[in-house]
Amino acid sequence: MEHPSALTIAAANWHALQREGDLSPSQQRDFMRWLLVSPEHLREYMAISEVAGALGEAFRAMPVDVESLLQAPAPAGNDHNVIRFSPRPRAQPAVPKISHARGRPRIAVAAALMLGFGLITTLAWPRTGYYAAAHGAPRQITLADGTLVHLDAESEISVRMTLLGRRVELERGQASFVVGKDRRPFSVHAAGLQVTDIGTTFDVSLLREQARIAVSEGRVHVRGDGGNGRMLANLGAGQAAQVDYRDQRVRVSQEDAASMTAWWKGRVVFRDASLRDVADRFNRRNTLRLHVSEEAGALRLTGNLRVDDVESLRAFLDQQPTLVTQRASDGIHVRLRPRSPQAL
């Protein structure tokens, strides 16, 4: 049998690799082969991994006390796994009786191990999913781990869950995550960023020039280079970070946590946001579209409006001294107000 200290080191190394990030397919296969070599490998990894609790509860729920059976020594005098027959009188030609009490523990152990390995294989098999919300139709999704996802209109996510991790790709649009309680780490990947949940509710939005991460409860870590880069932000409740796509420059601001989730109830809350990003959020929900000129799109605004009330948005824009709006057959056009000759 492998020496316990070496086994512990091997299990710790595998656990560290899993915690650092997704293993390659070949490493994942090597890990599964290592895990299934013997009960000792399984037991040692369960003791180290954060997933040990979930697997341990599954084993403890079995009718058979598997841990006790795995640790129990072989019956004395039965080193060769010989099943002994109970003694019988010579005069009685009865069929020999097998001592089930002695054979039952080993049968139970074998059955429990097969069930345990089957459980690991089932949990390790990746569960994937793809979810999209059409124009004007935001939706709520409950993932297999209990995570509630608020997916905005014109948004898409893909989900991959394995034995040791939960990974979501935000492919476009905006999504909020009320993360389900689970020992496995939960991360969202978007535009080369990795947002790792530390027990929280948070929002990720892909804007024109930057990604926006807002935390309404708990804490998240934001890393660049798909999770392999440096820590870009450590955000707590009431904090939001805007990360530029080009140079990953970060701007962190304090915000009201309630305003971060206001869009769940059909409101658009924006503070010092570019007009082009505000228009994009309205255009996801409405058939009457806003067409913003390049010059006007850079104007930064602050407001709180219903997402389905484009006319109120138009009235809000008309109040801006530098903007002018015009209704057309294809929507509302917004541009900068021409400068008067006196101003020139």
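All chains use their own residue numbering, which begins from 1 and follows the written sequence. The model is predicted, so local features are restricted to residues of pLDDT at least 70 and side-chain atom pairs to those at 80 or more, both for listing and for counting; the totals for chains, interfaces and linings are taken over all residues. Excluded from the side-chain calculation are hydrogens and water; included are all heavy atoms of the structure.

Enquirer: Would you mind going over the overall build of the protein chain with me for this structure?
Expert: Secondary structure elements follow DSSP: runs of H or I of four or more residues count as helices, runs of E of two or more count as strands, with numbering from the N terminus. A count of helices and strands for the protein chain gives ten helices and 19 strands. The 344 residues of the protein chain split such that 42% are buried. A sequence separation of at least 24 residues applies to 48% of the contacts in the protein chain between residues at least 6 apart. Per-residue and other accessible areas were derived by the Shrake-Rupley procedure at a 1.4 Å probe size, with only the shown protein chains allowed to occlude residues. A total accessible area of about 19,300 Å² is found for the protein chain, and carbon and sulfur atoms account for 53% of it. Partly exposed describes any residue whose relative accessible area lies between the buried limit of under 20% and the exposed limit of over 50%, with all areas from a 1.4 Å probe on protein chains only and scaled to the type maximum. Residue contacts follow a heavy-atom distance rule, with two residues in contact if any of their heavy atoms lie within 4.5 Å.

Enquirer: Before we go on, may I ask you to explain unusual backbone geometry in this structure?
Expert: Generally, phi is negative for residues other than glycine and the peptide bonds are trans, each holding for most cases. A positive phi angle, close to 55 degrees, is found at Asp225, a residue other than glycine. If you trace the backbone, Asp225 turns up in the loop between β11 (219-223) and β12 (231-236).

Enquirer: How should the confidence of the model for the protein chain be read in this particular structure?
Expert: Reading predicted coordinates in detail is not appropriate for stretches of low pLDDT. Confidence scores per residue from the predictor, reported as pLDDT, run from 0 to 100. Looking at the protein chain, pLDDT values average 80 and 72% of them are 70 or higher. Low confidence marks residues 50-60, where pLDDT is under 50. Its contacts with residues over four positions away, or in another chain, come to 22 contacts.

Enquirer: How should helix α8 (residues 275-285) be read in this particular structure?
Expert: Each α-helix turn comprises 3.6 residues. Residues three or four places apart therefore point the same way. With respect to burial, α8 is a largely interior element, ten of its eleven residues being buried. All buried positions along α8 are accounted for by Leu275, Arg276, Asp277, Val278, Ala279, Arg281, Phe282, Asn283, Arg284 and Arg285.

Enquirer: Would you explain the nonpolar core in this entry?
Expert: One recurring pattern in soluble globular proteins is that nonpolar side chains are buried together. In these notes, a set of buried Ala, Val, Leu, Ile, Met, Phe, Trp, Tyr and Cys residues joined through side-chain atoms within 4.5 Å is what counts as a nonpolar core. Grouped together as the largest cluster of nonpolar side chains are 31 residues, with contacts concentrated most on Phe177, Val188, Phe202, Val204 and Ile213. What Phe177 contacts, discounting residues up to four positions off in sequence, is Leu148, Val149, Val168, Phe186, Val188, Thr200, Thr201, Phe202 and Val204. One finds Phe270, Leu290, Val310 and Leu317 within the second-largest nonpolar core, a separate group that totals 19 residues.

Enquirer: Explanation requested: the packing of aromatic side chains in the structure shown.
Expert: Two aromatic rings are characterised by how far apart their centres lie and by the angle between their planes. Note on aromatic pairs: the rings of Phe, Tyr and Trp (six-membered ring only in Trp) are paired at centre separations within 6.5 Å, and the planes decide the class, stacked below 30 degrees, edge-to-face beyond 60, tilted for the rest. Applying the stated rule across the entire model yields three aromatic pairs. Relative to Phe202, the ring of Phe177 lies with its centre 5.4 Å away and its plane at 35 degrees, an arrangement referred to as tilted. In this pair, Phe177 sits in strand β6 (residues 174-178) while Phe202 sits in strand β9 (residues 201-206), placing the two residues 25 residues apart along the sequence. Take Phe177 and Phe202: they sit in the same class, and that class is buried. Relative to Phe316, the ring of Phe270 has its centre 5.9 Å away and its plane inclined at 75 degrees; by these criteria the two rings are edge-to-face. Here Phe270 is found in strand β15 (residues 267-274), whereas its partner Phe316 is found in helix α10 (residues 310-318), with 46 residues between them in sequence. For Phe316, a relative accessible area of 16% translates into the label buried.

Enquirer: Just to check I follow, could you spell out the pattern of salt bridges for this structure?
Expert: Side chains carrying opposite charge are able to pair once their charged atoms draw close together. Salt-bridge detection follows one rule: a side-chain nitrogen of Lys or Arg within 4 Å of a carboxyl oxygen of Asp or Glu. With the rule as written, the count across this model stands at 15 salt bridges. Asp152 is paired through a salt bridge with Arg284; the nearest N and O atoms lie 3.0 Å apart. With a gap of 132 residues between them, Asp152 in the loop between β3 (148-151) and β4 (155-162) and Arg284 in helix α8 connect regions that are remote in the sequence. Summarising the burial analysis for this pair, Asp152 and Arg284 share the class buried.

Enquirer: I keep staring at the sheet that holds β11 and nothing clicks. Help me out?
Expert: Through backbone hydrogen bonds, the strands of a sheet pair up, either in parallel or in antiparallel fashion. Two strands qualify as a pair provided that DSSP identifies no fewer than 2 bridges between them. Strands sit in the order β1-β4-β5-β7-β8-β11-β12 across an open sheet of seven strands; the sheet is mixed. The strands lining the two open edges of the sheet, one partner per strand, are β1 (127-133) and β12. Each neighbouring strand pair of the sheet contributes to a mean axis angle of 20 degrees, computed without reference to strand direction. Of the pairings in the sheet, the one linking strand β8 (residues 193-197) to β11 comprises four bridges and is antiparallel in character. Paired with Gln194 across the two strands is Arg223, which belongs to β11. The angle between two axes is taken between their N-to-C directions and runs from 0 to 180 degrees, where each axis is a line fitted to C-alpha atoms and a helix contributes only its stretch in contact.

Enquirer: Help me understand the side chain of Gln210, please; the structure alone is not making it clear to me.
Expert: Relative to the helices and strands, Gln210 resides in strand β10 (residues 210-217). Excluding anything up to four places from it in sequence, Gln210 contacts Ser205, Gln242, Val243, Asp244 and Tyr245.

Enquirer: What exactly am I supposed to notice about the sheet that holds strand β18 (residues 323-328) here?
Expert: Ordered by their spatial adjacency, three strands build an open sheet running β16-β19-β18, and the pairing between neighbours is mixed. Among the strands making up the open sheet, the edge pair consists of β16 (290-292) and β18. Mean inter-strand twist for the sheet, computed between neighbouring axes without regard to direction, equals 25 degrees. When β16 meets strand β19 (residues 331-336), the two strands line up parallel, connected through three bridges. Residue pairing across strands places Leu290 opposite Ile332, the latter belonging to β19. With respect to the sheet, α8 is in contact with β16, β18 and β19, its orientation differing from that of β16 by roughly 160 degrees. Packing against the sheet, α10 makes contact with β16, β18 and β19, and its axis sits at approximately 145 degrees to β18.

Enquirer: I keep staring at the environment of Leu313 and nothing clicks. Help me out?
Expert: Inspection of the secondary structure assignment puts Leu313 in helix α10. Here Leu313 falls in the buried class, since its relative accessible area comes to 0%. It is 9.4 Å that separates the C-alpha atoms of Leu313 and Gly303, two residues lying ten residues apart in sequence. Contacts of Leu313, omitting those with residues within four sequence positions, involve Phe282, Leu290 and Leu305.

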